[in-house]
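# What the coordinates show
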Amino acid sequence: MAVFAATDYKVTINTTDLSDRLQSVELTLESDDLETTAFGSGFRTRVGGLRTGTVTLTFFQDFAAGEVDATLQPLFNTIATVVIVPTTATVGTGNPSYTANCLVNQYQPFASSVGDIATLSVTWPTTGTVTRSPT
């Protein structure tokens, strides 16, 4: 896959495809920065430590059966599996999937002003390894 416009992401939460209700998706992976500089070094040296991740999703709210509220509200305070794929095409070398188990530690069903499109945004920490397929 070459440079592409983000128009066809596929995002599932516990196998429920909510792609058609998403406005934005973000997966951030980070590692601790551990300093290893010893006396006599002219520059600092570092190694990576424990890793962490967060998934941020912005939804168009929908209260219908099987949609946003019906999917997310029951997951509050549980672990959910989030799978993100750049396009709806078959997962492969040029279209990898990222799978993360996330702690659903926030859910805000109402976050709109008068006259606005009803949206909501969540940011969930990952728990355990975030996997990429194919590796």
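Residues numbered from 1 in each chain as written. Predicted model: local features only at pLDDT ≥ 70, side-chain atom pairs only at ≥ 80, totals over all residues. Heavy atoms only, no water.

### Things to note about the sheet that holds strand S8 (residues 131-133)
Our working rule: Two strands pair if DSSP finds at least two bridges between them. Think of it this way: any DSSP run of H or I at least four residues long counts as a helix, any run of E at least two long counts as a strand, and we number them from the N terminus.
What the 5 strands build is an open sheet, ordered S2-S1-S5-S6-S8; its pairing is antiparallel. Each having just a single partner strand, strand S2 (16-17) and S8 make up the two edges of the open sheet. Of the strand pairs in this sheet, strand S1 (residues 10-13) and S2 are connected by 2 bridges, and their pairing is antiparallel. Opposite Thr 12, over in S2, you have Asp 17 as the bridge partner.

### A few points about the side chain of Ser 19
Note the threshold: The definition of a polar contact used here is a pair of N or O atoms within 3.5 Å, where within protein one atom must be able to donate a hydrogen and the other to accept one, and adjacent residues in sequence count solely through side-chain atom pairs. Contacts were defined at the residue level, with two residues in contact if any of their heavy atoms lie within 4.5 Å.
Among the structural elements, Ser 19 can be located in the loop between S2 and strand S3 (22-35). Here the side chain of Ser 19 touches Tyr 9 through a polar contact of 3.5 Å, landing on its backbone oxygen. Polar side-chain contacts of Ser 19 include one of 2.6 Å to the side chain of Asp 17. Leaving out residues up to four positions away in the same chain, Ser 19 has contacts with Tyr 9, Lys 10 and Val 11.

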